[in-house]
Amino acid sequence: MNGFGNLLRLRFLPAAVWGLALLAIWEAGSWFLLKVLQVRMAQSKLPYIHEVVSAFGRYGSTLLKEGWVTLANAGLGLLLGATAGTLLAVLMSASQWMERLAFPYAVASQMVPILGLAPIVYGIVRDDQWARIIIAGYITFFPVALNMLRGLRSAHPSALELMRSYAAKPWSVYWKLRFPASLPGLFGGLKIAAPLAVTGAILVELMGARNGVGVIMLRNLYYGPSHVYMFWSTVVAGALLGVLSYLTMSVLERLAAPWQPEFRTKGGDR
Amino acid sequence: MTEKAVTMIPEIELDRVSMQYPSAHSDVLALQEVSLNIAKGEFVALLGPSGCGKTTLLRIMADLIQPTSGGIKVAGKSAKEARLAQKYGIVFQNPVLYDWRKVRHNITLPLELMGVKKAGRYRKAEELLELVGLAKFADKYPWQLSGGMQQRVAIARALAMEPEILLMDEPFSALDEFTRERLNEELLSIWSKVGNTVVFVTHSIQEAVFLSDRVFILSPHPGRLSAVAEIPLPRPRTREMRNGEVFFRLIAQIRDRFEGV
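Residues numbered from 1 in each chain as written. Chains lettered and ligands numbered in written order. Predicted model: local features only at pLDDT ≥ 70, side-chain atom pairs only at ≥ 80, totals over all residues. Heavy atoms only, no water.

*Asks:* Give me the lowdown on the pattern of salt bridges, citing residues and values where you can.
*Replies:* Scanning the entire structure with this criterion turns up 29 salt bridges over all chains. A salt bridge links R101(B) to E112(B); its shortest N-O distance comes to 2.9 Å. Taken as a pair, R101(B) in the loop between β6 (88-91) and α4 (103-114) and E112(B) in helix α4 lie far apart in primary sequence, eleven residues in all. Residues joined by salt bridges that share partners form a network here, namely D128(A), R132(A), E205(A) and R210(A). (Salt bridge = Lys/Arg side-chain N within 4 Å of Asp/Glu carboxyl O. Helix = DSSP H or I, 4+ residues; strand = E, 2+ residues; numbered from the N terminus.)

*Asks:* For the packing of aromatic side chains, give the residues involved together with the corresponding values.
*Replies:* What the rule picks out here adds up to 14 aromatic pairs over all chains. Three or more aromatic residues link up through ring pairs in this structure, and these residues are W171(A), Y174(A), W175(A) and F179(A). Between R242(B) and the ring centre of F210(B), over which it is positioned, the NZ or CZ distance is 3.9 Å. (Phe/Tyr/Trp six-rings, centres within 6.5 Å; stacked < 30°, edge-to-face > 60°. Lys NZ or Arg CZ within 6 Å of the ring centre and 35° of its normal.)

*Asks:* Now, about the confidence of the model for chain B: what can you tell me, with residues and values included?
*Replies:* Averaged over all residues, the pLDDT of chain B is 90; the fraction at 70 or higher stands at 96%. Below a pLDDT of 50 lies the segment residues 1-6 of chain B, which in the model reaches zero contacts outside its immediate sequence neighbourhood of four places, other chains included. (pLDDT = per-residue confidence, 0-100. Contact = heavy atoms within 4.5 Å.)

*Asks:* Before we move on, could you go through unusual backbone geometry and cite the residues and values that matter?
*Replies:* Cis geometry marks the peptide bond from H221(B) to P222(B); its omega dihedral reads -10°. As for its placement among the helices and strands, P222(B) is situated in the loop between β9 (214-219) and β10 (224-230). Geometrically, the link from R235(B) to P236(B) is a cis peptide bond, its omega value of 0° lying close to zero. Looking at the element boundaries, P236(B) is found in the loop between β10 and α9 (245-260). Even without being a glycine, Q38(A) presents a positive backbone phi close to 55°. Residue placement: Q38(A) occurs in the loop between α1 (3-37) and α2 (42-45). For V96(B), which is not a glycine, the phi torsion comes out positive at approximately 50°. With respect to the helices and strands, V96(B) occurs in the loop between β6 and α4.

This is the structure in structure tokens:
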């Protein structure tokens, strides 16, 4: 009956209760470490949430500015990586020969430690902006390619036979059948890739850049215990960027492929 | 004499068509030397139990697979040429509608592939939705329709390009008895307006008898044509005929054929 009320009660109420309980446990744990056990550098290990939140507030404009830089670079990297991944998936779906040639290298590329690759890329491009974009693209192309390939292959055999019976051109088969059928796969890949792109961008920033969340994270770490709440607020900011990137992909998915079974509101409408 | 010879040229002509599938132990003979002719505008059924190769036979006619041996001619040309000339409309056992397209756009799909202009496509879809009784559902998505309605959309889509030959592979077998009988009647009423050649695969004797001019009876292991039954019921076929003596006698005769196998 009251759909919205139900949604509120069934989805958000439990989440809110859990969240509050977790925060309370955290605060209690933090107090316990600091006052009862009197652990060394207790606040670096488990800081008071309210202190982190207030640091977040004081530090807000800087976090917003640097967070935006990180997000923009991660976004460009994701765009680059997703485009490359999609193209690779299309090539691999079109020819077995291409798949056999490219797939082992695509897998191998993911075995290279990013931590080692980042300085190499920086050494080549000599630009922190481009290094971030390239690394973010590098770690995103694989999940996108893999999921997109699965999506392109997900078209039902009968659906392909239907196209064959119409004597459809290969281009039409892709445009009218394989691409639409691949959208759930593509977005599955993008939802994995988007937070990875943020992580990749922050990683490069930690190794040396002029701006970004990673840079202020590192700076606060250097200043030591006096900046512990500031440091934690940058970590939270990084996490929020990841969540934001994921949610963006979810919203895009709803817009681009609203016909998927999980989005159907009235399954029993017969 | 010559004129008669011309009119007797069959629409679909199979000449000793065999189909062999390779398998681990020994090759499976799905079809053994099937020869048959289907006239233009005729409604025929391919009837038989599972494993008799009736679907394989339909797929060979549709040029979805190639026979191991034997020849097939469609309107005097090869099956491939007929497919490329877009002579076929196919209805599968499942509706095979595209989830991302509304009902209307599922029906216009073949017209898009043929390069028909938008206005023409929409007019045709409107007309076909009227024909299959789904005019009100044009803007629904396939999953918002019942199984029977989805199959009607599939039929409308198959008719969109005005195919000379309609190939139907057990189109109603997933539906309940009531829906199936109603759709049988609807299909005949559509066919009487369109007048194309229909090849209808089924394992239901009643369905084959009710719909067809002739029933090709296939038997399994290996799949082969064992008999052809003429159905002398007048057209248009009506619901009352299902209860008539002739109908039951024809069914009994065909059932006897299978018991002999």
